[in-house]
Amino acid sequence: MHIPDGFLDAKTAVTAASLAVVGLGVALRQAKRELPPRRVPLLGLGAAFVFAAQMVNFPVAGGTSGHLIGAALVAALLGLPAAVIVMATVLIAQCFLFADGGVTALGANGFNMAVVAPMAGLLVFRLIGRVLPGQRGQVAAMAFAGWCSTVAAAVACAGQLAWSGTVGWAVGLPAMVGIHMIIGLGEGAISALAFYAVVRARPELAAGAVGSAGAGLVRYGLLATLGVALFVAPFACPWPDGLEAVAAKLGFEHRAAVAAPAWLADYQFPGIASPGVATAVAGAIGALVVFGLAVLLSWVVVREKREDDGR
Amino acid sequence: MSGIHFGASPAHPHAAAAGAGPRLEGLLQRLPAGPKFVALLVLVVGTAVLPVAWIWWHAVVAALLVTAIVVGQVPVRPLLWRLLCFAPFVGGAAVAAAWHGSTGPGWRAVALRGGLCLSAVVVFGAVTPFAALPGLLKRVGVPTLLVTTLALMHRYLFVLSDEAQRMQRARASRTLVRPRRLAWGLPAEIVGRLFVRASERAERIYLAMCARGWR
């Protein structure tokens, strides 16, 4: 999801960079005020951990492999301000050390992956964790949060590419979000399993971040809403030309086939004329399916480990 | 939090293995990081913003990059390898831009800009030690907490990567038969334990920093 150089025009790059800088500034101020000194080195180690964890490969079908992205996991384990700082540091290093992600796109990448992704992840983690009880609830919340954070960052990324005129919204959104709905499944599963490993090894580490950060969430929420309003809202209106409408239709069918049962692609939603709304409905159904998968995963994993404990 | 000294750390033994190791002997490598960083920003921002029709600008950037490679004696093969690693991103976006039709900047523009900027960053990384970056950022006025995090991350990046690899080796040597249902459970367990070890190491680092008079 790292946007390279030359993909964003000046207005998008500058706007996204300003939002990212504000987000990082809020996180730094909050961390300086609230983070106890003994947890300051944990920020650097957390960033190094994200790098190292990304080198652990997870086998996917056909000899390929995937890896953790880490925004939601770090947000759940360290809290939001720390996660924003950690992910921003990782992105800066990826940009200048490994040439992953462009210099002019660093602000946009930072907004997507260091502000939107941890925020969406933590919000979902807290909400679901509050609704579902016990350790299973925590694991299911982590799985769903990992998926949501990946998809949210992908939506922001597609919006920025569309606002720059590089890749049209009608093409970019289904492509970006469709792919990341699949990548997000892996991200959610890895996050949940790793989170559960931490819970079993050192419960107090996982519990440390569960405390409240309500005021912080509101601030980042405002920021993310502003970003969504800028990058995404202009494209939520009816499609401007025939080519894009066709592409939207194609993209929608592709995505619906990915996200939901195949019959959905040919199904005419009653009373829904706009393909945009239909896409949103398909996305919502996809999210529900993934939520079911997350709960299923938590049941399988947590029960399995209980049997192991009896060994 | 003011006691951390950001100097050029001695060349890390694993830096070269990770493909991130700058060669420190060339003339270009010994230049201070600040001017090189400014030059990189000018090149990249110029390339991204200026119209593609100004082909002379892109020619000048390409010539400068080639000069930097020659003067800095940058090893060419790792450079090409890293460019190749990131080529699919540029290529993929170029294809997407081509599909988008005539309203966008066009796939040639996307490919040209993306390729040039990518090369610039890769060459910059090859002639500048990353350890110089925290000091530079601190002088520019970036908040200390972020600079500390960046410096600590760079210090422990390779330590933790080694640790992850050691854990994977140990796990592989103990796991004779790998059941399918554990194909993701085992690596995830390693990721989780890695976080536990990272936070334990952070505690030790905090105590060590305090012992050295940090705040």
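Look up a bit, the structure's there.
1. Observations regarding empty space enclosed by the protein
Considering all chains together, one arrives at three cavities of 30 Å³ or more under this definition. Computed from the structure, the largest cavity encloses a volume of approximately 100 Å³. Taken together, 13 residues form the lining of the largest cavity, with Pro4(A), Ala99(A), Gly101(A), Gly102(A) and Leu118(B) sitting closest to its centre. Sorting the residues of the lining of the largest cavity by element identifies helix H4 (76-100) and helix H5 (107-127) of chain B as the ones contributing at least two each. Taken together, the residues of the lining of the largest cavity sort by class into eight nonpolar, three polar and two charged. Empty space within the second largest cavity amounts to approximately 50 Å³. Considering the residues around the second largest cavity, the lining is formed by Met1(A), Ile69(A), Ala71(A), Met113(A), Ala117(A), Ser149(A), Thr150(A), Ala153(A) and Glu187(A). Of all the secondary-structure elements, those providing two or more residues to the lining of the second largest cavity are helix H5 (106-131) and helix H6 (134-163) of chain A.

2. A closer look at the nonpolar core
In a soluble, globular protein the nonpolar side chains are often hidden away together inside. Among the nonpolar cores identified, the biggest contains 159 residues, and Phe49(A), Leu73(A), Ile85(A), Phe96(A), Met142(A), Phe195(A) and Val191(B) are the most heavily contacted of them. Each of two domains, domain 1 (21-128) and domain 2 (142-211) of chain B, supplies a minimum of three residues to this core. Apart from residues no more than four positions distant in its own chain, Met142(A) is found in contact with Ala72(A), Leu73(A), Ala76(A), Phe125(A), Gly188(A), Ser191(A), Ala192(A) and Phe195(A).

3. What to know about the interface of chain A and chain B
A common measure of how large an interface is: the accessible area buried when the components associate. Taken together, the contacts link 65 residues of chain A with 72 residues of chain B. A buried area of about 6,100 Å², summed over both sides, lies between chain A and chain B, and 79% of it is on carbon and sulfur atoms. Of all residues in chain A, Leu45(A), Phe96(A) and Leu97(A) bury the most surface against chain B, accounting for 11% of the area lost on that side. Inspection of the region where chain A meets chain B yields three salt bridges. Residue Arg202(A) is joined to Glu200(B) by a salt bridge in which the shortest nitrogen-to-oxygen separation is 2.7 Å. The tally of links between chain A and chain B comes to three residue pairs in polar contact (both at pLDDT 80 or more). Put simply, the parts of the chain that give the side of chain A that touches chain B at least two residues each are helix H1 (10-34), helix H2 (40-54), strand S1 (58-59), helix H3 (71-78), helix H4 (80-97), helix H7 (169-201) and helix H10 (242-259) of chain A. In terms of residues, the side of chain A that touches chain B owes the most to one element, H2(A), which gives 12 residues.

4. Quick look at the packing of aromatic side chains
Under the counting rule described, the total for this entry stands at nine aromatic pairs over all chains. Look at Phe125(A) and Phe195(A): their rings are 5.4 Å apart centre to centre, the planes differ by 75 degrees, and that puts the pair in the edge-to-face class. On the criterion of sequence distance, the pair formed by Phe125(A) in helix H5 and Phe195(A) in helix H7 is long-range, its members being 70 residues apart. The buried category is assigned to Phe125(A), whose relative accessible area is 4%. Look at Phe144(A) and Trp147(A): their rings are 6.0 Å apart centre to centre, the planes differ by 15 degrees, and that puts the pair in the stacked class. Residue Phe144(A) and its partner Trp147(A) are both found in helix H6; the two are separated by three residues, about one turn of the helix. Judged on exposure class, the residue Phe144(A) and its partner Trp147(A) are both buried. Through successive ring pairs, a cluster of aromatic residues spans Phe96(A), Phe37(B) and Phe124(B). In this structure, Lys11(A) packs its charged tip against the face of Trp163(A), placed 4.9 Å from the ring centre.

5. Focus: the environment of Ala39(B)
With respect to the secondary-structure elements, Ala39(B) resides in helix H2 (residues 33-49). For the pair Ala39(B) and Ser199(B), spaced 160 residues apart in the sequence, the C-alpha separation amounts to 38 Å.

6. A short note on the pattern of salt bridges
Per the counting criterion, the structure on display carries eight salt bridges over all chains. Linking Glu163(B) and Arg201(B) is a salt bridge whose minimum nitrogen-to-oxygen distance equals 3.0 Å. On the criterion of sequence distance, the pair formed by Glu163(B) in helix H7 (residues 144-174) and Arg201(B) in helix H8 (residues 185-211) is long-range, its members being 38 residues apart. Here the two residues Glu163(B) and Arg201(B) agree in accessibility, since each one is buried. The salt bridge involving Arg193(B) is made with Glu189(B); its shortest N-O contact spans 3.4 Å. Here the residue Arg193(B) and the residue Glu189(B) both occupy positions in helix H8, the gap between them amounting to four residues, near one helical turn. Arg193(B) gets classed as partly exposed once you look at its relative accessible area, which sits at 38%. Counted as one network, the salt bridges with shared partners bring together Arg200(A), Glu189(B) and Arg193(B).

So, how was this worked out
Residues numbered from 1 in each chain as written. Chains lettered and ligands numbered in written order. Predicted model: local features only at pLDDT ≥ 70, side-chain atom pairs only at ≥ 80, totals over all residues. Heavy atoms only, no water. 1 Å grid on protein atoms, 1.4 Å probe; cavity = no way out; pocket = protein on both sides within 12 Å on 5 of 7 lines; lining within 4 Å. Points joined across faces, edges and corners; volume = space filled by probe spheres on them. Helix = DSSP H or I, 4+ residues; strand = E, 2+ residues; numbered from the N terminus. Nonpolar A, V, L, I, M, F, W, Y, C, P; charged D, E, K, R; others polar. Core = buried A, V, L, I, M, F, W, Y, C linked by side-chain atoms within 4.5 Å. Buried < 20%, exposed > 50% of the residue type's maximum accessible area, 1.4 Å probe, protein only. Domains from an automatic or database assignment. Contact = heavy atoms within 4.5 Å. Buried area = accessible area lost by both parts, 1.4 Å probe. Salt bridge = Lys/Arg side-chain N within 4 Å of Asp/Glu carboxyl O. Polar contact = N/O pair within 3.5 Å; in protein donor to acceptor, adjacent residues only side chain to side chain. Phe/Tyr/Trp six-rings, centres within 6.5 Å; stacked < 30°, edge-to-face > 60°. Lys NZ or Arg CZ within 6 Å of the ring centre and 35° of its normal.

This is a description of form; function is not addressed.
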